[in-house]
Amino acid sequence: MFSLGSWLPALPGLAWGWALLDALLQGLVGACAVSVLCSLLKVYLYIQCVNDLERQAEKEAIAARRPLLGLLHVLVLTAVLALVGSRVAALVVLEFSLRAVSTILSLGKGAHSSQLYLLCQYSLGCGVSCGLSFLLEGAPQRSWNLALAAGLAGLLALHARRLARHVCLLYELHSRERYCGVCILLLAAGHGIPRLLRSALGIAFAVADLAAVQLINRDFLSTAEAVRFWTPLTICYTLLVVYMQEESRQSAGRGLVFRTVVVRMGGLFILLLTVGRWTDILHIFVSLLGELWCLLRSGVLLESCWRQ
């Protein structure tokens, strides 16, 4: 494997330093993907509030400007995704994919849930990280590839944030006066944002699921070891999905969301106590922090989804 450090003399700790740089770049790409998702959802929910006179308070809450908090969110999420190991990230991706399929089937054909898009933030970051780990494993100049991916992802996230800021400031005026092409396009096709996100997330998680299975299986030397891991994992995930579906029927709101996060991470914690490694236990706590951070950051958007 070659990277930026391959051109430098072998020094103690140098390989570790380049591995850390690769992990940070990988985490940055995942954090930028989450930022794009939140920005597009912010645009969609703001447009929905503009068209509903009874939701003006929601509109003002969504439009509130917090530029430093947005930057802090990306930095913290980058650090969390860099710390989480590929094994736990893969488990998070597979768990969310199963939960998403169950939720979509329960919603019925043609239905969608904006709340599900917000709940997948941390899982999306883990999925992008898993996908990059799998696709770039053994690639020549891995660090250069990650740097390019991080630059493109950052540029996309920046433009998505500018779009959200433009919409929150000027959408009402521009859509009424009909002289801004972006706002006119959103006026005509803004309702299609969930469909666009659904397609993009479907592709992202399809790649992430494939990468997650491969990353987990590479640690097993025999089929018997793989069976001993996948059997309790399947049972655990099935019980978690059944529990969360039952909980969602009985209650709703922020309390349910945070409770399900604790239950999911608790289930993975117990599972990895029996079939995992000690580093996996540490990564579970880091993942819990990442999930809670994403939910706290998108509290206003979640409340808007619940009111829809």
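Going by the annotation in an unreviewed UniProt entry, the name recorded for the protein is TMM82 protein, with Certhia brachydactyla given as the source organism.

Asker: Tell me about the overall build of the protein, residues and numbers included.
Answerer: The helix and strand inventory of the protein stands at 13 helices and zero strands. Reading the protein from its N end, one meets helices and strands in the order α-α-α-α-α-α-α-α-α-α-α-α-α. Residue burial in the protein is summarised as follows: out of 308 residues, 46% are buried. Looking at the protein alone, contacts between residues at least 24 apart form 78% of all its contacts between residues at least 6 apart. A total of about 15,500 Å² of accessible surface is found on the protein, and carbon and sulfur atoms cover 68% of it.

Asker: Please provide a residue-by-residue account of the nonpolar core, values included.
Answerer: Counting residues in each nonpolar core, the largest one holds 88 residues, and the members touching the most others are Leu-37, Tyr-122 and Tyr-171. Take this core: its biggest share by element is 17 residues, from helix H1 (residues 14-50). If near-sequence neighbours (up to four positions away) are discounted, Tyr-122 is found in contact with Leu-77, Val-80, Leu-81, Val-84, Val-92, Val-286, Ser-287, Gly-290, Glu-291 and Cys-294.

Asker: Which residues make up the pattern of salt bridges, and what values do they have?
Answerer: The tally for this structure, following the rule as stated, stands at five salt bridges. For Glu-95, the salt bridge identified is with Arg-264, shortest N-O distance 3.0 Å. Here Glu-95, found in helix H4 (residues 86-107), pairs with Arg-264, found in helix H11 (residues 254-275); they are 169 residues apart in sequence, far enough to count as distant. You'll find Glu-95 and Arg-264 in the same group, each marked buried. Each of Glu-95, Arg-99, Arg-264 and Glu-291 takes part in salt bridges that share partners, so that together they form one network.

Asker: Lay out the side chain of Arg-264 with the relevant residues and their values.
Answerer: Note on Arg-264: relative accessible area 3%, which makes it buried. One polar contact links Arg-264 to Glu-95, side chain to side chain, over a distance of 3.0 Å. Non-local contacts of Arg-264, meaning those with residues more than four positions away in its chain, are made with Glu-95, Arg-99, Ser-123, Leu-240, Met-244 and Glu-291.

Asker: I'd like a rundown of a nonpolar patch on the surface, residues and numbers included.
Answerer: Residues Leu-169, Leu-170, Leu-173 and Tyr-179 make up a contiguous nonpolar surface patch of roughly 380 Å² in combined accessible area. Here Leu-170 shows up in helix H7 (residues 142-177).

Asker: An account of the UniProt feature "transmembrane region" (unreviewed entry) in the protein is requested, with residue identities and associated values reported.
Answerer: UniProt annotation of "transmembrane region" (unreviewed entry) refers to residues 27-47, 68-84, 116-136, 142-158, 227-244 and 256-275 when read in the numbering used here. Across residues 68-84 one finds 94% helix and 0% strand; the C-alpha atoms that close the span lie 24 Å apart.

Asker: Tell me about the packing of helix H6 (residues 121-135) against helix H12 (residues 278-297), residues and numbers included.
Answerer: The contact between H6 and H12 brings their axes to 8 Å, and the two run at 125°. Classed by the angle they form, the pair H6 and H12 counts as oblique. Of the residues in H12, those touching H6 at Gln-121, Tyr-122 and Ser-123 are Val-286, Ser-287, Gly-290, Glu-291 and Cys-294. Here the contact of H6 with H12 is composed, by residue class, of three nonpolar, four polar and one charged.

Asker: Residues and numbers for the side chain of Ser-97, please.
Answerer: Turning to its location among the elements, Ser-97 is positioned in helix H4. In terms of polar contacts, Ser-97 uses its side chain to reach the backbone carbonyl oxygen of Val-93, at 2.9 Å. Once residues within four sequence positions are removed from consideration, Ser-97 is found in contact with Phe-205 and Asp-209.

Asker: For the environment of Leu-132, give the residues involved together with the corresponding values.
Answerer: Along the polypeptide, Leu-132 turns up in helix H6. In this structure the C-alpha to C-alpha distance between Leu-132 and Val-29, which are 103 residues apart in sequence, comes to 9.1 Å. In this view, Leu-132 contacts Gln-26, Val-29, Glu-137, Arg-142 and Leu-146; residues no more than four positions away in its chain are not counted.

What counts and what doesn't
- Residues numbered from 1 in each chain as written.
- Predicted model: local features only at pLDDT ≥ 70, side-chain atom pairs only at ≥ 80, totals over all residues.
- Heavy atoms only, no water.
- Helix = DSSP H or I, 4+ residues; strand = E, 2+ residues; numbered from the N terminus.
- Buried < 20%, exposed > 50% of the residue type's maximum accessible area, 1.4 Å probe, protein only.
- Contact = heavy atoms within 4.5 Å.
- Areas by Shrake-Rupley, 256 points an atom, 1.4 Å probe, with all protein chains shown as cover.
- Core = buried A, V, L, I, M, F, W, Y, C linked by side-chain atoms within 4.5 Å.
- Salt bridge = Lys/Arg side-chain N within 4 Å of Asp/Glu carboxyl O.
- Polar contact = N/O pair within 3.5 Å; in protein donor to acceptor, adjacent residues only side chain to side chain.
- Patch = residues over 30% accessible without salt bridge, like charges linked within 9 Å, V, L, I, M, F, W, Y side chains within 5 Å.
- UniProt positions renumbered as here; feature names shortened; annotations may be inferred.
- Axes fitted to C-alpha atoms, helices over the stretch in contact; angles between N-to-C directions.
- Parallel < 35°, antiparallel > 145°, perpendicular 65-115°, else oblique.
- Nonpolar A, V, L, I, M, F, W, Y, C, P; charged D, E, K, R; others polar.

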